[in-house]
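The chain contents come next:
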Amino acid sequence: MNETGRTREMAAGGSNFIIENEVFQLYIAHACINILKMIFVAYYTVFKRFANMTFSTKEDYEGFAATMEKDDVKKKLAECDPEVERVRSCHRNDLENIPAFLVVGLLYALTNPGVDAVSLHFRVFTLCRIIHTVSYLLPLPQPSRFLGFSVGTLSMVSMAIQTLLMGKL
Amino acid sequence: MNETGRTREMAAGGSNFIIENEVFQLYIAHACINILKMIFVAYYTVFKRFANMTFSTKEDYEGFAATMEKDDVKKKLAECDPEVERVRSCHRNDLENIPAFLVVGLLYALTNPGVDAVSLHFRVFTLCRIIHTVSYLLPLPQPSRFLGFSVGTLSMVSMAIQTLLMGKL
Amino acid sequence: MNETGRTREMAAGGSNFIIENEVFQLYIAHACINILKMIFVAYYTVFKRFANMTFSTKEDYEGFAATMEKDDVKKKLAECDPEVERVRSCHRNDLENIPAFLVVGLLYALTNPGVDAVSLHFRVFTLCRIIHTVSYLLPLPQPSRFLGFSVGTLSMVSMAIQTLLMGKL
């Protein structure tokens, strides 16, 4: 494709040159995997709630556990189910890390640090989040979850500092 | 505008060609509506806290409820107000969904899937989040909140899988 | 650089014209500072957990406090440490604000509102988040934390409404 053709395509489609860029293909793949992993944890919470018949509100019990006695509902609403809370804690840790990665990963990719550097940072982060989730949900003995969390954030810190140096306050 | 003029504009403004793109206009509108809806829930939490005089820290009671007796403050800090907790749970569900949508929606739009497909996914997601919020805050009987949550996430899963296919690990 | 050279660079690197744009340099700097601030709060939670030997799961006590007696572990798991909860509440407020800012700030910058307007909105938001964090962690008397939160969200509301007007549902 000649230069003018490429320019026309960029002006028309707005993004083909982005989609064809290898660094962006890496970003897209890792962003989607992390988002799908996070949605899996959300669904897993719902699964655990139905498996243990433990819900968060009165209308949930009325809608999904209509035969449960009122006293049992009151008791369940006052308590916390440790299995459900474990999945929710895992999910909250995702919320503390994945949305930040989705932005800092994109900005880091935009600074043109080279495919190898991007690939390394993204793979470390994604692998760490998977280790964190598996360690939390099974659970595995510590420090597996701690390493998943801390190495993943270090990958983010590295990307954020390198990107910050390209910025201007 | 001729090709060179458009290129110069892109190089100068950096984004007019993005703003003029119909798919991006859809993205911008849905992104902002979801963000504003989420900020509304944040303000509604503050409103409920002041309406019920239920705060989360000692300095809040000192600053906003100076006349309240110390024993009442201690009691309030140890308990949870169910109305405030309801708004916070609604907000947390937003946090689990909206930031992920903001990124996956943008990436999906970048894969050029056509205006109709983008419009369908975005409208389903936004409508579902509004249904979820209304169902949680009023509250409406289940499964209205459950449908709002699950159909909204399915729209995200569909976008994430389609986008993932354009990526490269 | 002539027009063709710049176009070739855009097609090749995909983003230098973005990185050289003053508004994007502002965005990159503020985005990274807010992300690094949020990661600091995450690490501070870990620090507080180790300082107070208060963890969230059984395997944490087995891995990091192996000498603690079983009854003490059970008691600690049933309770909440107010210092740890304070950092977690601060972190949660970050989650409610910073990921939304990261997206709405970028979209607002894309609408070409001028460097001064972007700079004002970003500086107000970042300063407010720092005030919020300091006010929460020290803590400072109210309304310092309340002002940090509410003025920061107002900056976001202003950006979101201005950006929404460029969108199309």
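What you are looking at is a predicted structure, and each value in this text was computed from that prediction instead of being measured.

**With respect to the overall build of chain A**
- Helix and strand counts for chain A stand at eight helices and zero strands.
- What you see in chain A, going N to C, is helices and strands ordered as α-α-α-α-α-α-α-α.
- Across the 169 residues in chain A, those meeting the buried criterion constitute 53%.
- Partitioning the contacts of chain A with sequence separation of at least 6, the portion at a separation of at least 24 is 67%.
- About 7,300 Å² of surface is accessible on chain A, with carbon and sulfur atoms providing 62% of the total.

**Some thoughts on the packing of helix α3 (residues 22–52) of chain C against helix α6 (residues 82–110) of chain C**
All names here are of chain C.
- At a closest axis distance of 10 Å, the pairing of α3 and α6 adopts a crossing angle of 165°. In terms of their interaxial angle, α3 and α6 are classed as roughly antiparallel. Where α3 crosses over α6, the two elements pack in a sense that is left-handed.
- A per-class count over the contact of α3 with α6 returns 19 nonpolar, six polar and six charged.

**Observations concerning the UniProt feature "transmembrane region" (unreviewed entry) in chain A**
All names here are of chain A.
- UniProt feature "transmembrane region" (unreviewed entry): in the numbering of this structure it lies at residues 24–46, 98–115 and 146–165.
- Helix makes up 100% of residues 24–46 and strand 0%, and the two end C-alpha atoms of the span are 33 Å apart.
- Spanning residues 146–165, this segment combines 95% helix with 0% strand, and its end C-alpha atoms are found 29 Å apart.

**Concerning unusual backbone geometry**
- In this structure, Pro143 of chain A follows Gln142 of chain A across a cis peptide bond, with omega equal to 5°.
- On the secondary structure map, Pro143 of chain A appears in the loop between α7 (115–137) and α8 (144–164).
- The phi dihedral of Asn112 of chain B is positive, around 50°, even though this residue is not glycine.
- By secondary structure assignment, the location of Asn112 of chain B is in the loop between α6 (82–110) and α7 (115–137).
- In this structure, Met53 of chain C takes a positive phi of about 50° despite not being glycine.
- Looking at the secondary structure, you find Met53 of chain C in the loop between α3 and α4 (58–64).

**Quick notes on the pattern of salt bridges**
- Tallied over the entire structure, the rule returns 30 salt bridges over all chains.
- Notably, a salt bridge pairs Arg92 of chain A with Glu96 of chain A, separated by 2.8 Å at the nearest N-O pair. Separated by four residues within a single helix, Arg92 of chain A and Glu96 of chain A lie in helix α6 (residues 82–110), roughly one turn from each other. There is no split in this pair, since Arg92 of chain A and Glu96 of chain A are both buried.
- Beyond isolated ion pairs, a larger network of salt bridges with shared partners links Glu59 and Asp60 of chain A together with Arg86 and Arg145 of chain B.

**Brief notes about the environment of Thr54 of chain A**
Residue and element names in this part refer to chain A.
- Examined against the element boundaries, Thr54 turns out to sit in the loop between α3 (22–52) and α4 (58–64).
- Residue Thr54 is classed as buried on the basis of its relative accessible area, which comes to 8%.
- In sequence terms Thr54 and Glu79 are 25 residues apart; their C-alpha atoms lie 9.4 Å from each other.
- Setting aside residues no more than four positions away along its own chain, Thr54 makes contact with Arg49, Tyr61, Lys76, Asp81 and Val84.
- In this structure the side chain of Thr54 is engaged in a polar contact, spanning 3.4 Å, whose partner is the side chain of Asp81.

**Quick word on the packing of aromatic side chains**
- Scanning all chains against the criterion turns up 36 aromatic pairs over all chains.
- Their ring planes at 25° and their centres at 5.8 Å tell us that Phe40 of chain B and Tyr44 of chain B sit as a pair that is stacked. With Phe40 of chain B and Tyr44 of chain B both in helix α3 (residues 22–52), this residue pair falls four residues apart, about one helical turn.
- A residue is classified by how much of its surface remains accessible, and Phe40 of chain B, at 43% relative accessible area, is partly exposed.
- Aromatic side chains Phe50 of chain B and Phe55 of chain B sit 5.2 Å apart centroid to centroid with 75° between the ring planes, which places their arrangement in the edge-to-face category.
- Look at Phe55 of chain B and you get buried, because its relative accessible area is 5%.
- Grouped by ring-pair contacts, the aromatic residues Phe50, Phe55, Tyr61 and Phe64 of chain A together with Phe146 of chain B constitute a single cluster.
- Taking NZ or CZ as reference, Arg145 of chain A lies 4.1 Å from the ring centre of Tyr136 of chain A, over its face.

**Points about the side chain of Thr133 of chain B**
All names here are of chain B.
- Relative to the helices and strands, Thr133 resides in helix α7.
- Residue class for Thr133 comes out buried when judged on its relative accessible area of 5%.
- Discounting residues that sit within four places of it in the chain, Thr133 has contacts with Lys37, Val41, Cys90 and Asp94.

**Considerations on the environment of Arg49 of chain B**
All names here are of chain B.
- Position of Arg49 relative to the elements: it lies in helix α3.
- Between the C-alpha atoms of Arg49 and Gly148, which are 99 residues apart in sequence, the distance is 26 Å.
- Leave out the neighbours within four places in its chain, and Arg49 touches Thr54, Phe55, Ser56, Val84 and Arg88.

**Observations regarding the confidence of the model for chain A**
Residue and element names in this part refer to chain A.
- Overall, the prediction assigns chain A a mean pLDDT of 86, with 89% of residues at 70 or greater.
- Counting contacts from residues 1–15, a segment whose pLDDT is below 50, to residues more than four positions away or on other chains yields 31 contacts.
- Scored by ipTM, the complex comes to 0.84, with pTM at 0.87.

**Observations regarding the environment of Ala160 of chain B**
- Considering the arrangement of structural elements, one finds Ala160 of chain B in helix α8 (residues 144–164).
- Since its relative accessible area comes to 0%, Ala160 of chain B is described here as buried.
- The sequence separation of Ala160 of chain B and Gly105 of chain B amounts to 55 residues, and the corresponding C-alpha distance is 8.3 Å.
- Beyond its immediate sequence surroundings of up to four residues, Ala160 of chain B is in contact with Cys32 and Leu36 of chain A together with Val104 of chain B.

**Things to note about the side chain of Thr163 of chain B**
- The residue Thr163 of chain B is located in helix α8 in this model.
- Those residues in contact with Thr163 of chain B that sit more than four places away from it in its chain are Ile28 and Cys32 of chain A together with Val104, Leu107, Tyr108 and Thr111 of chain B.

Cut-off values and rules
- Residues numbered from 1 in each chain as written.
- Chains lettered and ligands numbered in written order.
- Predicted model: local features only at pLDDT ≥ 70, side-chain atom pairs only at ≥ 80, totals over all residues.
- Heavy atoms only, no water.
- Helix = DSSP H or I, 4+ residues; strand = E, 2+ residues; numbered from the N terminus.
- Buried < 20%, exposed > 50% of the residue type's maximum accessible area, 1.4 Å probe, protein only.
- Contact = heavy atoms within 4.5 Å.
- Areas by Shrake-Rupley, 256 points an atom, 1.4 Å probe, with all protein chains shown as cover.
- Axes fitted to C-alpha atoms, helices over the stretch in contact; angles between N-to-C directions.
- Parallel < 35°, antiparallel > 145°, perpendicular 65-115°, else oblique.
- Left-handed = near helix turned anticlockwise from the far one by under 90°.
- Nonpolar A, V, L, I, M, F, W, Y, C, P; charged D, E, K, R; others polar.
- UniProt positions renumbered as here; feature names shortened; annotations may be inferred.
- Salt bridge = Lys/Arg side-chain N within 4 Å of Asp/Glu carboxyl O.
- Polar contact = N/O pair within 3.5 Å; in protein donor to acceptor, adjacent residues only side chain to side chain.
- Phe/Tyr/Trp six-rings, centres within 6.5 Å; stacked < 30°, edge-to-face > 60°.
- Lys NZ or Arg CZ within 6 Å of the ring centre and 35° of its normal.
- pLDDT = per-residue confidence, 0-100.

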